[in-house]
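Residues per chain are reported as follows:
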Amino acid sequence: MNSLFPSIVSRSQSSGLMNFFVPIISIVLTLITGSIIFVLLGFDPVYALYTFFISPISSTYGISELFVKATPLALIAIGLSYCFKNNIYNIGAEGQLTMGAIFGGGIGILFHDTNAFWLLPLMIFAGAIGGALWGLVPAILKTKFNTNEILTSLMLVYVALFILDYLVVGPWKDPFGYSFPKSRPFSESGRMPLLFDGLRVHFGLIITLFLIFVSWFIFSKTIFGFQLKVSGYSPKAARYAGFNQTTLVFFAFAICGAFAGIAGLAEVSGPIGLLYRDISPNYGFTAIIVAFLGRLHPIGIIFASLVIALTYLGAEDAQLFLQIPSAVGFIFQGLVLFYLLGAELLINYKLTYKKLL
Amino acid sequence: MSDTILNIENITKSFPRVIANKKVTFDIKKNAVHAILGENGAGKSTLVKILYGLLEPDEGNIKLNNKDFKVNSPAEARKQGIGMVFQHFSLFDSLSVKENLILGIDEKMSYSDLENKLENISSRYNLPLDLDAPITALSAGEKQRVEIVRILLQDPQILIMDEPTSVLTPQEVESLFVTLNALVKEGRTILYITHKLEEVISICDTVTIMRSGEIIDTSSTANQTAKTLATKMLGQKLDDLKTNYEHIKDEVNFEVKNISCDFNDPFLTDLKNISFQVRVGEIYGIAGVAGNGQSELMDILTGENINIKSGSITFDNKKIEKYGPQKRRDLSISFVPENRLGHSAVPELSLSENILLSQFPKNNFIKNGIILKNNVDDFANNVINEFKVITPGNDTKASSLSGGNLQKYVIGREISSKPKILIISHPTWGIDAGAEHSIRESLIKLSQNGTSIIVISQDLDELIEITHKISVIYDGNLSKPFKTSEIEIEKLGLLMGGKNE
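Residues numbered from 1 in each chain as written. Chains lettered and ligands numbered in written order. Predicted model: local features only at pLDDT ≥ 70, side-chain atom pairs only at ≥ 80, totals over all residues.

Caption draft 1: Representation of the sheet that holds strand E14 (residues 310–315) of chain B within the structure. Here four strands make up an open sheet; going across it, the order is E12-E11-E14-E15 (chain B) and the pairing antiparallel. Taken across any chain shown, the strands that pair with only one partner, and hence form the sheet edges, are strand E12 (271–279) and strand E15 (318–319) of chain B. (Pairing = 2+ DSSP bridges. Helix = DSSP H or I, 4+ residues; strand = E, 2+ residues; numbered from the N terminus.)

So this is what it looks like as structure tokens:
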């Protein structure tokens, strides 16, 4: 007879092929679990899954929306991979995104009546600076005082959100806005150009693809990418090699912050057009799932961002057509993460049932 | 065949691209010490892991007491009467001896039973233990005793010992041999894995020699000499290495002066006023039992730790004690720390990528921050060929190489950049005689070409074989240097045990 509970035993070698299949397996398991949930809620699972995953992207507009949502997710996720590859757990991208929106959006508000070609580049630059500075705070705390970056970066998210809150109800409030908590709209030249007439997909997508390409180059071809990797795998080997780990921590946080900041600015200068309270439906947190689902690889992150973006769209449609709370989108994101971590464990460990005598 | 305890028949085990065991067949007699001798990559570890339930063979049978023997885990192997003492101890440093022993027991046992049993084992097998001492306070020999007692609590018929003397002082080795003899007298069988030829002759009854996954010979150790064993193991004759002082210049190019360093950490040894000088082309050995400040000194010599309390390091008339590792490499100082996996090499990375951990100014691996992959690959291939590293290619992960091969690769990487001084810790730790010989040979050749070398090692034979001068480190103090050709082993042994004169 075997014991009821298995014990976890390390595998002598993990399969490279399975490593590649983990994201796919996680998604399949998520869909299966999702249909079970739909059945329990009393819906036809085929119809529900269709409403959730197919109907949102069955029109040109829907596909454009998919890219609108995937853009910030992919951009933040590729930024996060600089940190995660280095074994730094920056989970404050949401705060860095918000700070980017504040810095870049601030420029937009300052020049709200200016129409000049330099306005948008300046806003993007300011957004990157804002995000990077916010990212450097946990970097300084970590390197100077050895604080845990998970806590500090997370807490700084709420600080950033409150600063935004204060600005849009206080000094930056739209004087013609009937006291609504929002800023003036940016001028036309402070907006991300649209890629196609009538669709919301914007220039931020191009910026994102460009930065993903640059990151691929850095990760695979440069000594800086190599240093990040070594420092992540083995801090001792990095010290032996003479890589300056403090510098690496600073760079990883600054780059991640800058990317999140640009993503925030792209949101407010793209689809939104002004500053207000809820500029991001947790893109900064969801991007963590995207980064891991994409195995921290640029190509993987592109696909993962599309999959996760679909859960946002599906949640909206499910609310509309099935009267399910849109939080079901988060459930799907949670399921993906759950299965991803579970599969990850099973790649490196196996379960064995001990024989009972 | 009643005196045979274990029949190993046609065991074959292959890994991707490598056959680790090829139709391995031999018998182990009851009541004896049976040695398995072989180079790294010869398949010893694979075979032992199969016996201990850590690996499953592709083919073949094992019979224990003429009954089929098949286990899927070490716990099952222990239940069937096979115990193993690993080369690297698996003890909890912060717990006491007693707590560690309790954790190692598979079945339920009352506290008083345990104490009785322990007392019995301690006295019967010459294994004195202070049950309440924390593991950190123990020497390597004492830790090994804890491991042995832990296994003996399970009352095994067969005890597998993996390189048991590699961390012991000569005195501790003696006492281990007394224990092993007592165990055999009682009817137990010991499977003794080693690369030390002398030990095979002095303590083992039978020896099985393995080469490239195959059994070369199983025979009695009577009438064997270290030379005959080594020849069988390597398949070729070894040249005798000779110490040669002629090429050493009078000029000192590396000088450590009065280095002191306090750590305020019970796990680390403070360094006290360490001074020594190395001349051009000289091999300077630092002997000592593990845990007497070697790794702390190594960190200071490599620049991984630059927070010293006082003292100076001078190289080529430059004060370098505040230089980090890269700045030292820029001066053509090269180093190989003790630990291969995760320190001098990253196991998850390919051999090619591992080249980049140690860059010297003339290497030309990087241009404007971009890795010149062709140059790195060429360098890696060169190291692989020149130092006879056995690997399918430079894209193989470092983790898949055997210890000896990876060490040859790491040392080859450093030597290939023609450093002015090489600082190396435990160059042949845990590797086979073949790799050991080729590494020692290349170190000697390097010194003859004018490179100074500092070798930190616990292996006295090694230091005596290759160095020109030896000092002993004990509790963070370094003794004065002795000329290797005039030194007496007993004197070194005493210094290593902390007895000065």
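Caption draft 2: Region of the structure containing the interface of chain A and chain B. Between chain A and chain B, the contact holds 14 residues from the first and 20 residues from the second. Looking at the side of chain A that touches chain B, its residues break down into eight nonpolar, three polar and three charged. (Contact = placed C-beta atoms within 7 Å. Nonpolar A, V, L, I, M, F, W, Y, C, P; charged D, E, K, R; others polar.)

Caption draft 3: Region of interest: the nonpolar core. With 170 residues, the main nonpolar core has Ile76, Phe259 and Val290 of chain A as its most contacted residues. At 15 residues, the largest contribution of residues to this core is made by helix H10 (residues 245–272) of chain A. Of all hydrophobic cores here, the second largest spans 55 residues; its members include Ile28, Phe69, Leu191 and Leu229 of chain B. (Core = buried A, V, L, I, M, F, W, Y, C linked by C-beta atoms within 7 Å. Buried ≥ 20, exposed ≤ 12 C-beta atoms within 10 Å, placed from the backbone.)

Caption draft 4: Spotlight on the sheet that holds strand E3 (residues 33–38) of chain B. All names here are of chain B. Taking strand neighbours across the sheet as the criterion, the six strands line up as E6-E7-E8-E3-E9-E10 in an open arrangement whose pairing is mixed. Two strands close off the open sheet at either side, each with one partner strand: strand E6 (82–85) and strand E10 (214–220). Within the sheet, the average angular offset between the axes of one strand and its neighbour, ignoring direction, is 20 degrees. With five bridges joining them, E3 and strand E9 (residues 206–211) adopt parallel strand pairing. Residue Gly38 lies in a different strand from E9, and its bridge partner there is Met210. (Axes fitted to C-alpha atoms, helices over the stretch in contact; angles between N-to-C directions.)

Caption draft 5: Geometry of unusual backbone geometry. Residues and elements named next belong to chain B. Positive phi, normally seen in glycine, also occurs at Asp316, with a value near 50 degrees. Along the chain, Asp316 falls in the loop between E14 and E15. With a phi close to 45 degrees, His426 is a non-glycine residue in the positive phi region. In this structure, His426 sits in the loop between strand E19 (421–425) and helix H14 (433–448).

Caption draft 6: Geometry of the domain arrangement of chain B. The domain boundaries assigned to chain B delineate domain 1 (4–234) and domain 2 (252–496). A straight line from the C-alpha centre of domain 1 of chain B to that of domain 2 of chain B covers 31 Å. (Domains from an automatic or database assignment.)

Caption draft 7: A look at helix H9 (residues 294–302) of chain B. Residues and elements named next belong to chain B. Counting buried positions over the nine residues of H9 gives eight, a clear majority of the element. Within the span of H9, buried status applies to Gln294, Glu296, Leu297, Met298, Asp299, Ile300, Leu301 and Thr302. In the stretch just after H9, Gly303 is the one whose phi turns positive, near 90 degrees.

Caption draft 8: Local environment of the environment of Tyr52 of chain B. Residue and element names in this part refer to chain B. Along the polypeptide, Tyr52 turns up in the loop between helix H1 (44–51) and strand E4 (59–64). Judged by C-beta crowding, with 22 C-beta atoms within 10 Å, Tyr52 ranks as buried. Taking the C-alpha atoms as reference points, Tyr52 and Ala75, separated by 23 residues in sequence, lie 8.6 Å from one another. When neighbours within four sequence positions are excluded, Tyr52 is seen to be in contact with Pro74, Ala77, Ile82, Met84 and Ile160.

Caption draft 9: Expanded view of the environment of Thr189 of chain B. All names here are of chain B. Relative to the helices and strands, Thr189 is located in strand E8 (residues 189–194). Take Thr189: there are 23 C-beta atoms within 10 Å of it, and that puts it in the buried class. Here the alpha-carbon distance between Thr189 and Ile28, two residues 161 residues apart in the chain, equals 8.4 Å. When neighbours within four sequence positions are excluded, Thr189 is seen to be in contact with Ile5, Ile28, Lys30, Asn31, Ala32, His34, Gln157 and Ile158.

Caption draft 10: Representation of the packing of helix H12 (residues 298–322) of chain A against helix H13 (residues 328–348) of chain A within the structure. All names here are of chain A. The interhelical angle for the contact between H12 and H13, taken along N-to-C directions, is 150 degrees, at an axis separation of 8 Å. Considering the angle they form, H12 stands roughly antiparallel to H13. The handedness of the crossing between H12 and H13 is right-handed. Packed against H12, whose contacting residues are Ile308, Thr311, Tyr312, Gly314, Ala315 and Ala318, the element H13 presents Val328, Gly329, Phe332 and Gln333 at the interface. Residues of the contact of H12 with H13, tallied by class, amount to six nonpolar, four polar and no charged. (Parallel < 35°, antiparallel > 145°, perpendicular 65-115°, else oblique. Left-handed = near helix turned anticlockwise from the far one by under 90°.)

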